[in-house]
Number of protein chains: 2
Amino acid sequence: MYYLGIDLGGTFIKAGVVDEKGGIIYKESFETEAEKGADHIAERIAFACLAAIRGAGLSAKDIEYIGVASPGTADSEKGIMIYCSSLPFLNYPLSKKIASLTGINDVYIENDANAAAKGESSHGRAKGYATSIMVTLGTGIGGGIIIGGKIYEGFNFAAAEIGHMVIDPQGPPCQCGRKGCWEKLASATSLIRMSREEMAKKPESLMWGLCGNDLSKVDAKTPFDASRLGDEAGAAVVEKFVFYLSLGLINLINLLQPEIITIGGGVSGEGEYLLEPVRKIVEKEQYSRYGDKKTLIVKAALGNDAGIIGAASLGL
Amino acid sequence: MYYLGIDLGGTFIKAGVVDEKGGIIYKESFETEAEKGADHIAERIAFACLAAIRGAGLSAKDIEYIGVASPGTADSEKGIMIYCSSLPFLNYPLSKKIASLTGINDVYIENDANAAAKGESSHGRAKGYATSIMVTLGTGIGGGIIIGGKIYEGFNFAAAEIGHMVIDPQGPPCQCGRKGCWEKLASATSLIRMSREEMAKKPESLMWGLCGNDLSKVDAKTPFDASRLGDEAGAAVVEKFVFYLSLGLINLINLLQPEIITIGGGVSGEGEYLLEPVRKIVEKEQYSRYGDKKTLIVKAALGNDAGIIGAASLGL
């Protein structure tokens, strides 16, 4: 049996046919054309589904269900997109539309960060652990909480907004209206901001050379690359980032004590150079220091396919 | 049928016989005598149980189970006290000891803040809500998370340390080793500290008169009483406290979206004078502003009996 996973984004719809082991046997990408409205997006998703099934050499009867990972808040029980800031959904019955357009009756929808966490739990690095949290370091910080193998959505499907945990009320303003949200201090975006601030103070930093003396070319890798080369300014940025990342992770651990936290998103590509110092701080500063059961902190496994695989695992 | 609830503290053991509706039909208090060691505490608890059963005019066969709410970390599955900073427990088989000393075989143990949350969920203000969080504002901030009617303990029984969520890395140092934990900014203790700081700056504040010009007599009620009388300095302390309390509550809501949060502990006695401004901030600043399902924030119902009733509800 196969599962169809849809990774819905503001620009592209990625569709993948996934097997029982979580392997993608076929995938294809289509433009979302979001400006044409909710019904059009539903049609584009249905088209992407049918094209991917055909591309995989299968037919609809081979597909157990369709799973859709979407930005925004999804009522996963009723299959309704409650709200989305990047797509024109407002209480939109997405599951029903896709089912009627494809003839495949079981259509699950879920917030994309939640779906990615479910993917890591079903087929990725958190497989075999009943409780896990996935933390995705990107433009913001996305998160998904898995309890007892299931996505924890809260009573209104809006839980796990881990990026909007304020960790410093004197911190940078966030579009959510508060100041010092975790994602303003420990996302890829904040890594870039902190690098630019440090570069402004340190004209001798190797970071300048690494980005061709062009501040607009600073990316989340810049301070890590510089730090590896022995650059003090780069190391200072990495240290500050590690501090804020650890701070939020310890908060999550003190609150929820998951068995494992998987770190995803581009910044997680830094691997042990990032995670080793994080683990040291977490080990030292977490509240529970007794007993031998401590939360594991690891790199997520699914990478760019997390959306498709996560969506395809929604019915498991 | 009746349930025996034990509220174990560093100084007193409170024992109560509780009926099926959560009403205490008899209660009595005994000294813990903690300095005499773990075995002695277990004996004191067993003695308190038997005395309370006798005092209620019942016999052991009328008691469905014994529940013990203890500070520290309890392995509720194995009935073992893993660790406690205020009592001499280290991997101590408390349930088994109490069972053998009382002849009552079913003995549940649980962290006291978790037990109080379970009590509010079973018999208090959170009754009828599947997901709830209890926040106890006392010397520190205690917390318990209820998901699907059950205590959420994390995989190592150490979850729900909500007071040790850092919300300001420039904040006061905490005995846990970090700075700016929520309980350093929004507990009764921090309310007293903030009052004293404000009084030092404002010799004209009514707070001075309310505590007989004696800084050691400032308590958590002082700034509230002053504020109600129109004192600017008192109002400034209350405003600051409301800010930090709301900040942590919004973090919890953004993460977990419980149906209801119950606020307990002495400070919750301020009632709507505290909760109304808190709700205004939470309503305005929580991340999820769409949909009509919002977390309720209310005063807890069980008051000083939360420990006994919570312990007595552990097996429900």
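If you're wondering where the values come from, they're calculated on a predicted model, not measured in any experiment.

What counts and what doesn't
Residues numbered from 1 in each chain as written. Chains lettered and ligands numbered in written order. Predicted model: local features only at pLDDT ≥ 70, side-chain atom pairs only at ≥ 80, totals over all residues. Heavy atoms only, no water. Contact = heavy atoms within 4.5 Å. Buried area = accessible area lost by both parts, 1.4 Å probe. Salt bridge = Lys/Arg side-chain N within 4 Å of Asp/Glu carboxyl O. Polar contact = N/O pair within 3.5 Å; in protein donor to acceptor, adjacent residues only side chain to side chain. Helix = DSSP H or I, 4+ residues; strand = E, 2+ residues; numbered from the N terminus. Nonpolar A, V, L, I, M, F, W, Y, C, P; charged D, E, K, R; others polar. Axes fitted to C-alpha atoms, helices over the stretch in contact; angles between N-to-C directions. Parallel < 35°, antiparallel > 145°, perpendicular 65-115°, else oblique. Left-handed = near helix turned anticlockwise from the far one by under 90°. Pairing = 2+ DSSP bridges.

(A) Molecular detail of the interface of chain A and chain B. Opposite the 42 residues of chain A that make contact, chain B presents 42 residues. Of all residues in chain A, Phe155(A), Arg178(A) and Leu255(A) give up the largest surface area on contact with chain B, accounting jointly for 19% of the area buried on that side. For the pair chain A and chain B, the interface holds zero salt bridges. Summed over the shared surface of chain A and chain B, the number is 22 residue pairs in polar contact (both at pLDDT 80 or more). Secondary-structure elements contributing two or more residues to the side of chain A that touches chain B are strand E10 (141-147) and helix H8 (232-256) of chain A. Ranked by residues supplied to the side of chain A that touches chain B, first place goes to H8(A) with nine residues. For the side of chain A that touches chain B, the per-class residue count stands at 24 nonpolar, 10 polar and eight charged.

(B) View of the packing of helix H1 (residues 38-55) of chain B against helix H2 (residues 94-102) of chain B. Residue and element names in this part refer to chain B. H2 packs onto H1 with a crossing angle of 50 degrees between their chain directions and a minimal axis gap of 9 Å. On the basis of the axis angle, H1 is oblique to H2. At the point where H1 passes H2, the crossing takes the right-handed sense. When H1 is examined against H2, the residues Asp39, Ala42, Glu43, Ile45, Ala46, Cys49 and Leu50 are found in contact with a partner set consisting of Leu94, Lys97, Ile98, Leu101 and Thr102. Of the residues belonging to the contact of H1 with H2, the class tally is eight nonpolar, one polar and three charged.

(C) Geometry of the sheet that holds strand E1 (residues 2-8) of chain A. All names here are of chain A. Ordered by their spatial adjacency, five strands build an open sheet running E3-E2-E1-E4-E8, and the pairing between neighbours is mixed. A strand with exactly one partner marks an edge of an open sheet, and here the two such strands are strand E3 (24-31) and strand E8 (107-111). Direction aside, the axes of adjacent strands within the sheet are offset by 20 degrees on average. Pairing of strand E4 (residues 63-70) with E8 involves five bridges; the strand directions are parallel. For Ala69, the partnering residue across the bridge sits in E8 and is Glu110. The strands touched by helix H1 (residues 38-55) within the sheet are E1, strand E2 (12-18), E3 and E4, with E3 carrying the most contacts at an inclination of about 145 degrees. Each of E4 and E8 is contacted by helix H3 (residues 112-123), which is oriented at about 105 degrees to E8, the strand it contacts most.

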